[in-house]
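For reference, the chains in residue letters:
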Amino acid sequence: MKKIVIDPITRIEGHLRAEIEIDENNIVKEAYVSGQLFRGIEIILKGRDPRDAGLLAGRICGVCTNVHFRAAVSAVEDAYGIDNPVNSEIIRDLMALALFIQDHVIHFYHLHLLDFVDVTKALEADPKLTSKTGHKYSSRPYANSHAHYIDVKEKLHKFVKAGKLGLFSNGYWGHKAYKLSAEENLLLLSHYLEAMKFQSNISRAIAIFGAKTPHPQTIVVGGVTSVADMLNPQRLNDFIFIIKEAKEFIDRAYLPDVKLITQAYRDDIKSGIGSSVGNFLCVGGYKFDKGDQLFEDGIIYGHNLNDIKPFDESKITEEVERAWYKDDQPYYTDLNEDGTLKTARSDDKYSWIKAPRYDGQTMECGPLARVLVSYQKGNKFIKPFVDEFLSDCDLELMDLSTTVGRNAARAIESAYIGEYLFKFINNLVENIKYYDTDTWTKYQFETLPKKAKGRAFSEVPRGVLSHFVNIEDQKIKNYQVIAPTTWNASPKDGKDQRGPYEEALVGIKLEDPSKPLEVLRVLHSFDPCLACAVHVIDLKGKDLGEYKMNADCSI
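Described in the following lines is the structure provided in the data block. From a predicted model like this one, the values you see are computed outputs, not experimental measurements.

## Remarks on the overall build of the chain
And then number 1: When helices and strands are tallied, the chain shows 16 helices and 14 strands.
And then number 2: Computed over the C-alpha atoms, the radius of gyration of the chain is 23 Å, within 12% of the 24 Å expected from 2.2 N^0.38 for a compact globule of 555 residues.
And then number 3: Principal-axis analysis of the C-alpha atoms gives the chain an extent of 70 × 65 × 55 Å.
And then number 4: Looking at the 555 residues of the chain, the share that counts as buried comes to 58%.
And then number 5: Surface accessibility of the chain: about 22500 Å² in total, with carbon and sulfur atoms responsible for 48%.
And then number 6: The chain carries 70 positive and 79 negative side-chain charges, and their two centres are separated by 3 Å.

## Topic: unusual backbone geometry
And then number 1: The omega torsion across Asp-7 and Pro-8 is 0°, close enough to zero to call that bond cis.
And then number 2: The amide bond that connects Thr-213 to the next residue, Pro-214, takes the cis arrangement and shows omega of 0°.
And then number 3: With respect to the element layout, Pro-214 can be found in the loop between α7 (182–210) and β4 (219–220).
And then number 4: A positive phi is found at Tyr-286, a non-glycine position, where the angle reads about 70°.

## Quick word on the sheet that holds strand β1 (residues 2–6)
And then number 1: Spatially, 3 strands are ordered β1-β2-β3 in an open sheet, and the strand pairing comes out antiparallel. Across the chains shown, the open sheet's two edge strands, defined by having one partner strand only, are β1 and β3 (28–35). The mean angle between the axes of side-by-side strands here comes to 15°, regardless of whether they run parallel or antiparallel.
And then number 2: Two elements, β1 and strand β2 (residues 16–22), share 5 bridges in a ladder whose sense is antiparallel. Paired with Val-5 across the bridge in β2 is Glu-19.

## Comments concerning helix α11 (residues 367–376)
And then number 1: Of all the 10 residues making up α11, 9 are buried; the element is thus mostly covered by neighbouring parts of the structure.
And then number 2: Within α11 the residues assigned to the buried category are Pro-367, Leu-368, Ala-369, Arg-370, Val-371, Leu-372, Val-373, Ser-374 and Tyr-375.
And then number 3: Downstream of α11 by a residue or two, Gly-378 has a phi angle that is positive, lying close to 80°.

## Focus on the side chain of Asn-185
And then number 1: Structurally, Asn-185 is set in helix α7.
And then number 2: Once you skip the residues sitting within four places of it in the chain, Asn-185 turns out to touch Phe-116, Val-117, Asp-118, Lys-121, Ala-122 and Leu-180.

## Regarding the environment of Leu-129
And then number 1: Relative to the elements of secondary structure, Leu-129 occurs in helix α5 (residues 127–134).
And then number 2: You can call Leu-129 partly exposed: its relative accessible area is 40%.
And then number 3: Expressed as a C-alpha distance, the spacing of Leu-129 and Asp-334, which sit 205 residues apart in the sequence, is 54 Å.

## Here we look at the packing of aromatic side chains
And then number 1: Throughout the structure, instances matching the rule amount to 30 aromatic pairs.
And then number 2: Here Tyr-142 and Phe-249 contribute two aromatic rings whose centre-to-centre distance is 5.0 Å and whose plane-to-plane angle is 80°, an arrangement assigned as edge-to-face. One end of the pair, Tyr-142, is in the loop between α5 and α6 (146–161); the other, Phe-249, is in helix α9 (residues 233–264), with 107 residues separating them in the sequence.
And then number 3: Aromatic rings pair up to connect Phe-100, Tyr-286, Phe-288, Phe-295, Phe-381, Phe-385, Tyr-416, Tyr-420 and Phe-424 into one cluster.
And then number 4: When the ring centre of Phe-445 is taken as reference, the NZ or CZ atom of Arg-51 above it lies at 3.7 Å.
And then number 5: Positioned over the ring face of Tyr-32 is Lys-492, at 4.0 Å from the centre of the ring.

## Looking at the packing of helix α12 (residues 383–393) against helix α13 (residues 403–433)
And then number 1: Direction vectors running N to C along α12 and α13 enclose 140°, while the axes themselves pass 10 Å from each other. Judged by the inter-axis angle, α12 sits oblique to α13. Both α12 and α13 take part in a crossing whose hand is right-handed. The segment α12 lies against α13, with Phe-385, Val-386 and Phe-389 engaging Ala-408, Ile-412, Ala-415, Tyr-416, Glu-419 and Tyr-420.

## Topic: the state of the cysteines
And then number 1: Summed over all chains, the structure comprises 0 disulfides.
And then number 2: Residue Cys-282 stays outside any disulfide, its sulfur separated by 9.1 Å from that of Cys-365, the closest cysteine.

## Overview of the pattern of salt bridges
And then number 1: The tally for this structure, following the rule as stated, stands at 39 salt bridges.
And then number 2: Among the salt bridges present, the one from Glu-30 reaches Arg-498, with a minimum N-O distance of 2.9 Å. With Glu-30 in strand β3 and Arg-498 in the loop between α14 (484–488) and α15 (500–505), this residue pair connects regions lying 468 residues apart in the sequence. Arg-498 shares its class with Glu-30; the two are buried.
And then number 3: Several salt bridges share partner residues, and in doing so they unite Glu-30, Lys-492, Arg-498, Glu-502 and Glu-503 into one network.

## Side note on the sheet that holds strand β14 (residues 475–482)
Sheet strands line up and pair through hydrogen bonds in the backbone, either parallel or antiparallel.
And then number 1: The sheet built from 3 strands is open, its strands ordered β12-β13-β14 with antiparallel pairing. In the strand order of this sheet, the two ends are held by β12 (452–460) and β14, each with one partner. On average, adjacent strands in this sheet sit at an angle of 15° to one another, irrespective of strand direction.
And then number 2: In this structure, β12 lies alongside strand β13 (residues 463–472), joined through 9 bridges in antiparallel fashion. When the sheet's bridge partners are listed, Val-460 is paired in β13 with Gly-463.
And then number 3: Packed on one face of the sheet, helix α3 (residues 65–80) meets β12, β13 and β14 and runs near 145° to β12.

## Details of the pairing of strand β7 (residues 292–300)
And then number 1: Taking burial as the measure, the 9 residues of β7 include 7 buried ones, the bulk of the element.
And then number 2: Note: strand β6 (residues 280–289) against β7, 7 bridges, orientation antiparallel. Within β7, the position partnered with Leu-281 by the bridge is Ile-299.
And then number 3: The antiparallel hairpin formed by β6 and β7 contains 2 residues in its connecting segment, where Lys-290 sits at a positive phi of about 45°.

## A word on the packing of α9 against α12
And then number 1: Where α9 meets α12, the closest approach of the two axes is 10 Å, and the angle between their N-to-C directions is 40°. In terms of axis orientation, α9 runs oblique to α12. Every pair of crossing elements has a handedness; the one defined by α9 and α12 is right-handed. The segment α9 lies against α12, with Leu-255, Val-258, Lys-259, Thr-262 and Gln-263 engaging Glu-388, Phe-389, Asp-392 and Cys-393.
And then number 2: Per-class residue counts for the contact of α9 with α12 are 4 nonpolar, 2 polar and 3 charged.

About the cut-offs
Residues numbered from 1 in each chain as written. Predicted model: local features only at pLDDT ≥ 70, side-chain atom pairs only at ≥ 80, totals over all residues. Heavy atoms only, no water. Helix = DSSP H or I, 4+ residues; strand = E, 2+ residues; numbered from the N terminus. Rg over C-alpha atoms; globule rule 2.2 N^0.38 Å. Buried < 20%, exposed > 50% of the residue type's maximum accessible area, 1.4 Å probe, protein only. Areas by Shrake-Rupley, 256 points an atom, 1.4 Å probe, with all protein chains shown as cover. Lys, Arg positive; Asp, Glu negative; His and termini not counted. Charge placed at Lys NZ, Arg CZ, Asp CG, Glu CD. Pairing = 2+ DSSP bridges. Axes fitted to C-alpha atoms, helices over the stretch in contact; angles between N-to-C directions. Contact = heavy atoms within 4.5 Å. Phe/Tyr/Trp six-rings, centres within 6.5 Å; stacked < 30°, edge-to-face > 60°. Lys NZ or Arg CZ within 6 Å of the ring centre and 35° of its normal. Parallel < 35°, antiparallel > 145°, perpendicular 65-115°, else oblique. Left-handed = near helix turned anticlockwise from the far one by under 90°. Disulfide = S-S within 2.5 Å. Salt bridge = Lys/Arg side-chain N within 4 Å of Asp/Glu carboxyl O. Nonpolar A, V, L, I, M, F, W, Y, C, P; charged D, E, K, R; others polar.

Encoded structure:
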C-alpha cells in the first residue's frame, strides 16, 4: 500500500487534510479525512446573555453566517417558547434562500469547477465553435457571443504571456482525468468570470434585509429589526430585481453548465464514482403557502429510495472515539514522525471533527439528501425540476448519488429555489398590503424562565444545521452546534464506520498518484466548510486565551 497526503486541501473554507492508501493499481483502499483546526465558538458563548447568541454564533463561519445567526436565535426562541410574527420568518427565509443561491453558484464555479476544467486547454478553443457549444445545453445561453469568447480567450493569453496564470495557477493542467473539449473549457471559464459579478450582486440581496453580509445584524430574539426595509417599496423592488437577475444566470448558465459536465462525465456517474454510504438525512422546512414547503424531512438508509423514514431528533448522537478529545477535554495526539496522521490502530485519534451519527449510522446531508428525500416523498414543487434534469441528461435518480450528481443536485436546487423565492416575497407584500407589518414579538426578558433548553434544526446550503442551548440563571450554561460538514466530514467511529467523505473516496482510481485530482473532485463535491479554531493568538504569537471544550454533547 502507498500513502498519499494532501494537506491543505484548497478551494474550501477552513483547513482540511486527506490521507489515502492506494494499491498497486492506484485504487483507493482506505481514507482518513481530518479537520485540522480546533473549533470552539461554543465555549465563548458560555456565560453570555442568550440574546447575544446569534451575534456570537454567526462568527462560527465567514461564509455561511446568517444561517448560524438564525439557528442560534431560533434555539433561544425555542427555549423560551417565543413565537415570531409571520413577517419576520419570511424575511429570515428570504435571507437564507438568497444565501443558498449564492453559496451553490460560488461553490460550482469558484471552488469546484477547476476540478473539471483544464484552463490551458481553453487557449486552443475556437470562439465560434464555443458559441455553438453553448446552444447544445441552452436555448438562450448566457453571454454567448463570438466577441465575448474572444475577449475571455485574450484574458487567458495575457495570464500565460505574463508567465503565470494568476487566479488559475497551481492546477493539474493537462491531467488525463480532464475530459472536456477546448470549446467546453472556454465556455465554462467565461461563466467562471461572470459568476464573480453574480457573487457580488446576490450578496446585496442578503444585505437588504440583513443590514450587511457576511455577519448580518437584523435577526433578534423575537423577530427581525429590518422594518424600514420591509416597508420601503424600493428596497423590496431591489431584492426582487437581484433575484430575477440571479435566476436568469442560473437558468441560462449554471444549470446548462452542470448538464454539460454531466454529459462529459457520464461514465463516471454510471460507474458510481464518489458514491458514499447511501444514508441520507434531511430535516425539511421553508414553508410558504398553506403548509406547502420547499423541502421534506426524512431518512434514507442504504440507498433504499422507496422507504423514507421520518426524522427523529432523539436518534442523534455524537462520538469522539477517533477525534482529538479525551475526558471531556481536547486531546491532540500529534503526528507520526513522517508527518502522517496516527491511524495504524483502530483507536487512534486523527481529527478535530466529532462523529455525529443517526441511529448509530453515518449520514450524508446536503443538496443531494434534500433532492432525494423531497422527490421521493412526493414534493410536487421540486419534482418537475428533477424530472426535467434527469430527462435532459438521460439519468436515473440513483445516478445523483455520485460526485457529479451532487453538483447536479445543487443546480436543480438553485433553479428550484430561484423559482419559488418569489412566493415568499409575494406573501410578504400581501401581508403589508393588508396592514400586517409586525416583525417582532414583545417580551420582558426579566420575566422569562431562569432555566430553559432549546434547539433549532434547519436546512442550510451544505446540509443539516442544529444548534442546542442550555440556559441557567438567564445565562448560557452550555451550547452545542452540529454543522453539515460535521456530518459529512466526520472521522471513523467506535465501530470503524467511515464518514461520508471517506466512504466516497474508497474505490476511486487515480490516473496519476502524484496529482490526485480525483480525490479533490470527490471532496469538493461535498462543499467542505471547516469551522474556525477557538485558540486565539496575536500577531506576535502571544496566547490571549485558553479554553476547554466539553466533549459530551448532552446539554
